[in-house]
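Fold and contact review
Chain by chain, the residues:
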Amino acid sequence: GDVNENDCDGGDDGDGVDELNVQDQAEIHWNYPTITTTSGFAADLNLQKRAETEIFDSTVHHSFTLLLPSLTLTLIPPLVFSLHQIRRLVLRENNISHLPLQFNQLVNLTKLELQNNALTSSSFPEGFTFPQSLESINLTSNRISSFPSCILSLQNLTELRLSNNLIDEVPAEMSSLSSLNYLYLNLNQIQQLPSSFTSLTNLLDVNLSRNEFDIFPPLLLDMPNLLTIDLKNNPIGSLPPDIKERVDYR
């Protein structure tokens, strides 16, 4: 069938920003190299030499969202990693192909949006780790061919979006993501799930549509907390009636 807008990411990533309490959290829109905040303040920055500026001094005691979408960036500006109070980092729709080791310095980061970039499995260098604070990662529509092992240690992760990549295997170690509620692996090349998948006892919603499953993964029925199982557009034959009630596979 036709691809709808949710096929790639399982939800609305729109251009809007989550509603924020401006007293508690600042929004920084980075229109390279000009930065503006919700207070209307704007400052031209020398990105290499002026990390300590009034704009950052004014937000240092608050968490904030940094918006850098659709700027044709090929790398993440190094200045970003000195902004330790970033809570949400939006880097979608750029041309980023490498993630630096400094990423784990963003110790308050909870939401990372890197969809529609040029990331591959080699974009994560040896020793790379994401900050343990992360709760949501969106890596939809990149060129990742194997499941990033650096994700597997994120005990606070509740939402993972890896749709529209080139992944053909789900690692057994994924069972370590004990807080995971929402998993989007649609539009990949996956044929089966590891038996350890049932250890994801907090999983509520899994999207495996548009993969290469030729039989229904029966272990999914051993996960009583699962509310939604999407297996549309896989080469699966007919299902027993008791399974059809829980599974969307056409």
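Residues numbered from 1 in each chain as written. Predicted model: local features only at pLDDT ≥ 70, side-chain atom pairs only at ≥ 80, totals over all residues. Heavy atoms only, no water.

Moving on to the overall build of the protein chain. A count of helical and extended segments in the protein chain gives 2 helices and 12 strands. Counting from the amino terminus, helix and strand elements in the protein chain follow one another as β-β-β-α-β-β-β-β-β-β-β-β-α-β. Here the protein chain holds 250 residues, and 49% of them are scored as buried. A separation threshold of at least 6 residues defines the contact pool for the protein chain, and within that pool the share at least 24 residues apart is 38%. Entry remark: accessible area of the protein chain is about 11900 Å², with carbon and sulfur atoms responsible for 46%. (Helix = DSSP H or I, 4+ residues; strand = E, 2+ residues; numbered from the N terminus. Buried < 20%, exposed > 50% of the residue type's maximum accessible area, 1.4 Å probe, protein only. Contact = heavy atoms within 4.5 Å. Areas by Shrake-Rupley, 256 points an atom, 1.4 Å probe, with all protein chains shown as cover.)

A separate point is the confidence of the model for the protein chain. Within the protein chain, residue pLDDT values average 80, and 71% of them lie at 70 or more. Across residues 10–25 the pLDDT falls below 50, and counting only partners more than four positions away or on other chains, this stretch makes 27 contacts in the model. Predicted confidence for residues 31–55 stays below pLDDT 50, and this span has 41 contacts to residues more than four positions away or in other chains. (pLDDT = per-residue confidence, 0-100.)

All right, on to the pattern of salt bridges then. The full count for this structure, using the stated rule, is 5 salt bridges. Here arginine 88 ties to glutamate 113 by a salt bridge, and the two come within 2.8 Å at their closest N and O atoms. Residue arginine 88 is located in strand S5 (residues 86–90), and its partner glutamate 113 is located in strand S6 (residues 111–113); the two are separated by 25 residues in the primary sequence. Glutamate 113 carries the same exposure label as arginine 88, and that label is buried. Here lysine 232 and aspartate 230 are joined by a salt bridge, their closest N and O atoms 2.7 Å apart. We note that lysine 232, like aspartate 230, is buried. Connected via shared salt-bridge partners are Arg88, Arg92, Lys111 and Glu113. (Salt bridge = Lys/Arg side-chain N within 4 Å of Asp/Glu carboxyl O.)

Okay, the nonpolar core next. Formed by 59 residues in total, the largest nonpolar core has its most connected members in Leu89, Phe103, Phe130, Leu160, Met174, Phe197 and Leu220. The set of elements that each furnish at least two residues to this core consists of strand S4 (63–67) and S5. (Core = buried A, V, L, I, M, F, W, Y, C linked by side-chain atoms within 4.5 Å.)

Mapped onto the elements, proline 69 comes out in the loop between S4 and S5. Remark: the alpha-carbon pair of proline 69 and leucine 89, spanning 20 residues in sequence, is separated by 9.5 Å. If near-sequence neighbours (up to four positions away) are discounted, proline 69 is found in contact with Val90, Arg92 and Asn94.

Below, the discussion takes up the packing of aromatic side chains. Scanning all chains against the criterion turns up 6 aromatic pairs. An aromatic cluster is present here, built from Phe81, Phe103, Phe124, Phe128 and Phe130 joined pairwise through their rings. Directly above the aromatic system of tyrosine 184 lies the positively charged group of arginine 161, at a separation of 4.3 Å from the ring centroid. (Phe/Tyr/Trp six-rings, centres within 6.5 Å; stacked < 30°, edge-to-face > 60°. Lys NZ or Arg CZ within 6 Å of the ring centre and 35° of its normal.)

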